[in-house]
Amino acid sequence: MAESKIVDAKVIVACPARNFVTLKITTSDGLYGLGDGTLNGRELAVAAYLRDHVAPCLIGRDAERIEDTWQYLYRGAYWRRGPVTMAAIAAVDVALWDLKAKRAGMPLYQLLGGRCREGVTVYAHANGHSLDGLLDSVAHHIELGYKAIRVQAAVPGVPDVYGVPHGSQPYEPADSSLPREETWSTPKYMRFAPEMMEAVRARFGFDLALLHDAHHRLTPIEAAALGKSLEGYRLFWLEDATPAENQEAFRLIRQHTTTPLAVGEVFNSIFDCQRLISEQLIDYIRTSVVHAGGITHLRRIASFAGLYGVRTGCHGPTDLSPIGMGAALHFDLSIPNFGIQEHMPHAPLTDEFFPHAYTYANGMMHPGEAPGHGVEIDEAAAEKFPYKRAYLPVCRLEDGTMHNW
Ligand code: EZ4
Ligand code: CO
């Protein structure tokens, strides 16, 4: 085979409906690969890390040496881990997998070992400003074919709750040029959550896989109580019940409830979930291709999780670009211990800017058969969509105390 040396590594920051960071790696044989390095609300930090610190080291390297390049960027930097570093490494890693699969003339999932299933079961987001609004949204997503749905609704007496659109636009949390302040009340939420699940099960029955995201708002014992109070509603999972910096916190939750637990969208390394997995404190690991070091590292996490019966449930919000989504779908299709994949459809403008081979039908997605990961970028249009500063909200308790968003 002809040599494939990296001759260019270009960072493209663009805002087709929202901000995305894309890395384009070009090789001496005239091919290119694309990687997603988007870190919501901190995009320019990853762009600078890539442009100023990573790109110069890539030029002249053998593009075929994916694992070695991963190790070079991880061990070689001395300063390991962290969301900025790992998103940058992920962008390189996914671009190199894209290149290798294109050189092989295969869709990436074939290079990863071939498919383990017919397609990738995905879950949708249903939300509402009221219970009725939520039920309408669930009905709408069932009509679209989804078999698994995450439900979030406004909590009575609590303004601007996580997971519910601010105003009438589709849900997109990073929506303001300075962080918007949301309020939180755990007691009100804890009273309302079983009522919400009751309404959903009463109307739609138990065939639907039901998910819910507590978004790091609870203490371990509150999370335990919530899990217990929801057991009768047979959730597919309860997500981010408590922050996981202290992995042992999940032991307490586990001792009290059989509600399945999912966590990991903010993790960036296997070390963030080592104990959660080896002690079987969770059921689903939610690390994403983009924020946990790319396909190379995510496969390592998934293999480790498989030893303990933990399945994957990759984060898939609109703040991962279609490149991140495409890469995730190839990964999902190819691993044995896949659980489910989050699907938040992108805005039409985003889909136009990133033409892609992946498809959705009947509750499932498929990465498609295009060589590589099958996602392109309309580079020429980037100038039309300049970066626009946008922050995620912050959160305070009713007495003004800063809380976890
Ligand atoms: O808040 O991706 O499960 N999904 C989530 C997301 C996250 C955003 C943060 O950038 O929790 O909505
Ligand atoms: Co979440």
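It should be emphasised that the depicted structure is a prediction, and the values quoted were computed from it without experimental measurement.

A. Expanded view of the domain arrangement of the protein. Each domain of the protein was delimited in the assignment, giving domain 1 (6-107) and domain 2 (111-372). Inter-centroid distance (C-alpha atoms) of domain 1 to domain 2 is 26 Å. With 36 residues of domain 1 at the contact, the number on the domain 2 side is 37 residues. Broken down residue by residue, the surface that domain 1 buries against domain 2 is led by Asp36, Trp97 and Pro107, which jointly contribute 21%. Joining domain 1 to domain 2, the criterion identifies three salt bridges. Arginine 18 is paired through a salt bridge with glutamate 172; the nearest N and O atoms lie 3.2 Å apart. At the boundary of domain 1 with domain 2, the tally comes to 13 residue pairs in polar contact (both at pLDDT 80 or more). Taken together, the elements giving at least two residues each to the side of domain 1 that touches domain 2 come down to β2 (20-27), β3 (32-36), α2 (66-74) and α3 (83-104). If you tally residues by element for the side of domain 1 that touches domain 2, the top one is α3, at 13 residues. The class makeup of the residues in the side of domain 1 that touches domain 2 is 20 nonpolar, eight polar and eight charged.

B. Molecular detail of the sheet that holds strand β16 (residues 402-403). Read across the open sheet, the three strands follow the order β6-β15-β16; overall the sheet is mixed. The open sheet is flanked by β6 (181-184) and β16, the only strands paired with a single partner. Here β6 pairs with strand β15 (residues 394-397) via four bridges, running parallel. From the neighbouring strand, threonine 183 faces β15, where its bridge partner is arginine 396.

C. Geometry of the site of ligand 1. As a matter of local geometry, ligand 1 sits amid 14 residues, with Tyr162, His215, Glu239, Glu265 and Asp319 nearest to it. With respect to ligand 1, the side chain of arginine 286 contributes an N or O atom lying 3.1 Å from an oxygen atom. With respect to ligand 1, the side chain of glutamate 342 contributes an N or O atom lying 3.3 Å from an oxygen atom. The fraction of the free accessible surface of ligand 1 (330 Å²) that becomes covered by protein chains is 95%.

D. Structural context of the environment of valine 11. Residue placement: valine 11 occurs in strand β1 (residues 6-14). Residue classification places valine 11 among the buried residues on the basis of a relative accessible area of 13%. In sequence terms valine 11 and phenylalanine 354 are 343 residues apart; their C-alpha atoms lie 15 Å from each other. Contact partners of valine 11, with chain neighbours within four places excluded, come to Val21, Thr22, Leu23, Ala47, Leu50 and Arg51.

E. Focus on the side chain of glutamate 239. Take glutamate 239: it is sitting in strand β8 (residues 237-239). A polar side-chain atom of glutamate 239 sits 3.0 Å from a polar atom in the side chain of arginine 286. With residues up to four places along the chain from it excluded, the contact list for glutamate 239 reads Tyr123, His212, Asp213, Ala214, His215, Ala262, Glu265 and Arg286.

F. Spatial organisation of the sheet that holds β1. Strand order in this open sheet of three strands is β1-β2-β3, and the pairing throughout is antiparallel. What marks the edges here is a single partner per strand, and that holds for β1 and β3. On average, each strand axis in the sheet is tilted by 20° relative to the strand beside it, whichever way the strands run. The sheet contacts of α3 involve β1, β2 and β3, and relative to β3 the element is tilted by about 145°.

G. Broad picture of the coordination of the cobalt ion (ligand 2). At the metal site, the cobalt ion (ligand 2) is ligated by Asp213 (OD), Glu239 (OE) and Glu265 (OE), and these contacts range over 1.9 to 2.1 Å. As a motif over one chain, the donors of the cobalt ion (ligand 2) read D-x25-E-x25-E. On the criterion of sequence distance, the pair formed by glutamate 239 in strand β8 and glutamate 265 in the loop between β9 (261-263) and α9 (274-278) is long-range, its members being 26 residues apart. For the pair shown, glutamate 239 and glutamate 265 are each scored as buried.

H. Quick peek at the pattern of salt bridges. Overall, the coordinates contain 27 salt bridges when judged by the stated rule. For glutamate 239, the salt bridge identified is with arginine 286, shortest N-O distance 3.0 Å. Residue glutamate 239 is located in strand β8, and its partner arginine 286 is located in the loop between β10 (284-285) and α10 (294-307); the two are separated by 47 residues in the primary sequence. As far as burial versus exposure is concerned, glutamate 239 and arginine 286 are alike and both buried. A salt bridge links glutamate 279 to arginine 251; the shortest N-O distance between them is 2.8 Å. Taken together, the residues glutamate 279 in the loop between α9 and β10 and arginine 251 in helix α8 (residues 249-256) connect sequence positions 28 residues apart. Taken together, the shared-partner salt bridges connect Asp29, Glu64, Lys100 and Arg103 into one network.

I. Spatial organisation of the environment of leucine 131. Position of leucine 131 relative to the elements: it lies in helix α5 (residues 131-143). Judged by relative accessible area, which is 21%, leucine 131 ranks as partly exposed. Residues leucine 131 and valine 155, 24 residues apart in the sequence, show an inter-C-alpha distance of 9.2 Å.

J. Layout of the state of the cysteines. By the definition in use, this model includes zero disulfides. For cysteine 314, which is in no disulfide, the shortest distance to another cysteine sulfur is to cysteine 273 and amounts to 12 Å. For cysteine 314, a relative accessible area of 1% gives the class buried.

Here is what the cut-offs are and how they apply
In this numbering scheme, every chain counts its residues from 1 along its sequence in written order. Throughout, the order in which chains and ligands are written sets their labels, letters from A for the former and numbers from 1 for the latter. Totals for whole chains, interfaces and linings use all residues, but because this is a predicted model, local features are given only for residues with pLDDT of at least 70 and pairs of side-chain atoms are given and counted only at 80 or more. Hydrogens and water molecules were not included; the side-chain quantities draw on all heavy atoms of the structure. Source of the domain bounds: an automatic or database domain assignment. Note on contacts: a residue pair qualifies if any of its non-hydrogen atoms lie within 4.5 Å across the two residues. Summed over both partners, the accessible surface that disappears when two parts come together, traced with a 1.4 Å probe, is what is meant by buried area. What makes a salt bridge here is a side-chain nitrogen of Lys or Arg within 4 Å of a carboxyl oxygen of Asp or Glu, nothing more. The term polar contact refers here to a pair of N or O atoms within 3.5 Å; inside protein, the definition further demands a hydrogen-donor-capable atom paired with an acceptor-capable atom, and it admits residues adjacent in sequence only when both atoms are side-chain atoms. Secondary structure elements follow DSSP: runs of H or I no shorter than four residues count as helices, runs of E no shorter than two count as strands, and numbering proceeds from the N terminus. Throughout, the ten residues Ala, Val, Leu, Ile, Met, Phe, Trp, Tyr, Cys and Pro are labelled nonpolar, Asp, Glu, Lys and Arg are labelled charged, and all others, Gly among them, are labelled polar. The rule for pairing is simple: two strands pair if DSSP sees at least two bridges between them. Proximity is defined per residue: any heavy atom of the residue falling within 4 Å of a molecule or strand makes that residue near it. Surface exposure here means Shrake-Rupley accessible area, sampled with a 1.4 Å probe, where a residue is shielded only by the protein chains that are shown. Burial here depends on accessible area, computed with a 1.4 Å probe over protein chains only, as a share of the maximum for the residue type. Under 20% is buried, over 50% is exposed, and the range in between is partly exposed. Fitting a line to C-alpha atoms yields each axis, with helices limited to the stretch in contact; the angle taken between N-to-C directions then spans 0 to 180 degrees. Sodium, potassium and calcium take a 3.2 Å donor cutoff, other metals 2.8 Å, and in both cases only N, O and S atoms count; water is not among them, so sites may look incomplete. Only a pair of cysteine sulfur atoms within 2.5 Å qualifies as a disulfide here.

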